[in-house]
Amino acid sequence: MKSLFCLLILLVSSIAPAHALPRTVTVILKDKNDHCDKISLVSPFRVKDKTFNNGKYILQTTDNNEVEIFQILERKTLVKDRTIEILPVTNAIKLNERKYAGSIKVRANKYLEITNIVPVKDYVESVVGSELPPHFEDEAYKALAVLTLTRLELIGASSTRPATSIVDTTQYENYTGLQAVSPRIKSCVGSVMAKRLFYNAHQAPKVYYHSACAGGTSSAESVFGEGGRGLKYLKGVKCNFCQESPFWKEKEHNVPRQKFMTLFAGKFPTIEKQDPEGRPTLVAINSKKISGYKVWLSLGRTFGWGAVPGNKYNFADSSDPKFVVLRSRGAGHGVGLCQWGANEQAKQGKTYREILKFYFPDCQIR
Ligand SMILES: [Zn+2]
């Protein structure tokens, strides 16, 4: 009997998710590196027991490294402390023209450090609405929600930071608060709150998505190298579903040659290896070899993501010797779910399960 009991526990623990969805997510809206010392705050809101109803306020740092809430019309300080917690009166707090669910914590650390402690469902809804355009289909919204929920359950309540560019790194997702959320997004997220992506009876340890793959996705290992090793379920699939994306066609941008050469210590780099989809995996700068993904990140950070939106890139001399021409296809790193492809599949009648199965063929959804 005892052995049967143990077997039952083993069976249950191998099926049940090992993690629980956190109740709230802490999103870092500003840290000290953003060098923000002043931000607008619109009523109504609450600090401790006091309700503020008088229009527009300023949150700013003081000479004594404190945070103060300053009333613009009356020109006076109303609250001053090292840390201030702002609570909603209605369903949202309006900060810098954006509305946020949950509460806002502000700390002075020379500059303002602002975090938003947001209920998990509000967070997922905002990520879906910030990542995907408003005309996208329900099933594409649901597919992205399942990936976000899978990721959240694994990182738990630890801090996350909204992405400021189209690059989806391992940690950050686009989050722009409540204005990204429509009733349709709320209903789509609500319908998949209990669903997760599984691989071999465990929740997928890492999930990735990007805007458009422009022909095919790549394996995590070929793009992230060491960081993608062991993530066998993140393999490349052919995808011609993202042809409606503005990034399907090759983009070409001239960038200043001098700045380009400075980035590579004065040596013109050569793409040595590409994966089957044409994403550079190894770039040589003289005898030095660098991962193609790292070079793409450097190019994007230096010249802006508009110059090289996709990881399927190359570069060459321009006809004008003052410039180097950067060419790229797709948008994002090209691993995991292709958002524009997911939307086209949804238009063709595929469910979110079928869409996830297409981009993660070895995974299960339950
Ligand atoms: Zn695609």
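Keep in mind the model is a prediction, meaning the values are calculated, not measured.

K.L.:
Outline the overall build of the protein, listing residues and values.
P.N.:
Helices and strands together make up the secondary structure of the protein, namely 9 helices and 25 strands. With the principal axes as the frame, the protein shows a C-alpha extent of 75 × 60 × 40 Å. Partitioning the intrachain contacts of the protein with sequence separation of at least 6 by distance along the chain shows that 64% fall at a separation of at least 24.

K.L.:
How would you explain helix H7 (residues 292-303) if you had to name every residue and give the values?
P.N.:
Its 12 residues place the ends of H7 16 Å apart at the C-alpha level, agreeing with the 16 Å of an ideal helix rising 1.5 Å per residue. For H7, the complete set of buried residues consists of Gly-292, Tyr-293, Val-295, Trp-296, Leu-299 and Gly-300. Burial along H7 is one-sided: seen end-on, the buried residues are contained in an arc of 160°. Its buried side turned inward, H7 meets helix H5 (220-224), strand S19 (270-274), strand S20 (280-285), strand S21 (288-291), strand S22 (312-317) and strand S23 (323-329). Downstream of H7 by a residue or two, Gly-304 has a phi angle that is positive, lying close to 90°.

K.L.:
Just give me the short version of the nonpolar core, but keep the residues and values in it.
P.N.:
In this structure, Ala-143 and Ala-145 are the most contacted members of the largest nonpolar core, which totals 84 residues. Ranked by the residues each element gives to this core, the list is headed by helix H3 (residues 138-155), at 9 residues. Here this core gathers at least three residues from each of two domains, domain 1 (9-120) and domain 2 (251-329). Non-local contacts of Ala-145, meaning those with residues more than four positions away in its chain, are made with Val-124, Val-128, Cys-188, Val-189 and Val-192.

K.L.:
Could you give me a rundown of the confidence of the model for the protein, with the residues and numbers involved?
P.N.:
The pLDDT averaged across the protein works out to 90; a share of 91% of its residues lies at or above 70. Counting contacts from residues 165-170, a segment whose pLDDT is below 50, to residues more than four positions away or on other chains yields 17 contacts.

K.L.:
Mind laying out the sheet that holds strand S14 (residues 202-203), listing which residues take part and the relevant values?
P.N.:
The 3 strands are arranged S14-S13-S25 in an open sheet whose pairing can be described as antiparallel. Each of the sheet's edge strands pairs with one partner strand only, and the pair in question is S14 and strand S25 (364-365). Where strand S13 (residues 197-199) meets S25, 2 bridges bridge the pair, whose relative direction is antiparallel. What sits directly across from Leu-197, in S25, is Ile-365.

K.L.:
Explain the packing of H3 against helix H4 (residues 183-191) to me, and be specific about the residues and the numbers.
P.N.:
Relative to each other, H3 and H4 sit at 50°, their axes nearing to 9 Å. For the element pair H3 / H4, the angle class is oblique. Relative to H4, the crossing made by H3 is right-handed. Residues Asp-138, Tyr-141, Lys-142 and Ala-145 of H3 form the contact with H4, whose participating residues are Arg-184, Ile-185, Cys-188, Val-189 and Ser-191. Residues of the contact of H3 with H4, tallied by class, amount to 5 nonpolar, 1 polar and 3 charged.

K.L.:
Mind laying out the pairing of S23, listing which residues take part and the relevant values?
P.N.:
In this sheet, S23 lies alongside strand S18 (residues 251-256) in antiparallel orientation, the contact comprising 6 bridges. Residue His-253 lies in a different strand from S23, and its bridge partner there is Leu-326. Where S22 lies against S23, 6 bridges are found, and the strand directions are antiparallel. Looking across to S23, one finds that Phe-315 is bridged to Leu-326. Joining the antiparallel neighbours S22 and S23 is a turn of 5 residues.

Definitions and limits used
- Residues numbered from 1 in each chain as written.
- Predicted model: local features only at pLDDT ≥ 70, side-chain atom pairs only at ≥ 80, totals over all residues.
- Helix = DSSP H or I, 4+ residues; strand = E, 2+ residues; numbered from the N terminus.
- Contact = placed C-beta atoms within 7 Å.
- Expected span 1.5 Å × (residues − 1).
- Buried ≥ 20, exposed ≤ 12 C-beta atoms within 10 Å, placed from the backbone.
- Arc of directions from axis to C-beta.
- Core = buried A, V, L, I, M, F, W, Y, C linked by C-beta atoms within 7 Å.
- Domains from an automatic or database assignment.
- pLDDT = per-residue confidence, 0-100.
- Pairing = 2+ DSSP bridges.
- Axes fitted to C-alpha atoms, helices over the stretch in contact; angles between N-to-C directions.
- Parallel < 35°, antiparallel > 145°, perpendicular 65-115°, else oblique.
- Left-handed = near helix turned anticlockwise from the far one by under 90°.
- Nonpolar A, V, L, I, M, F, W, Y, C, P; charged D, E, K, R; others polar.

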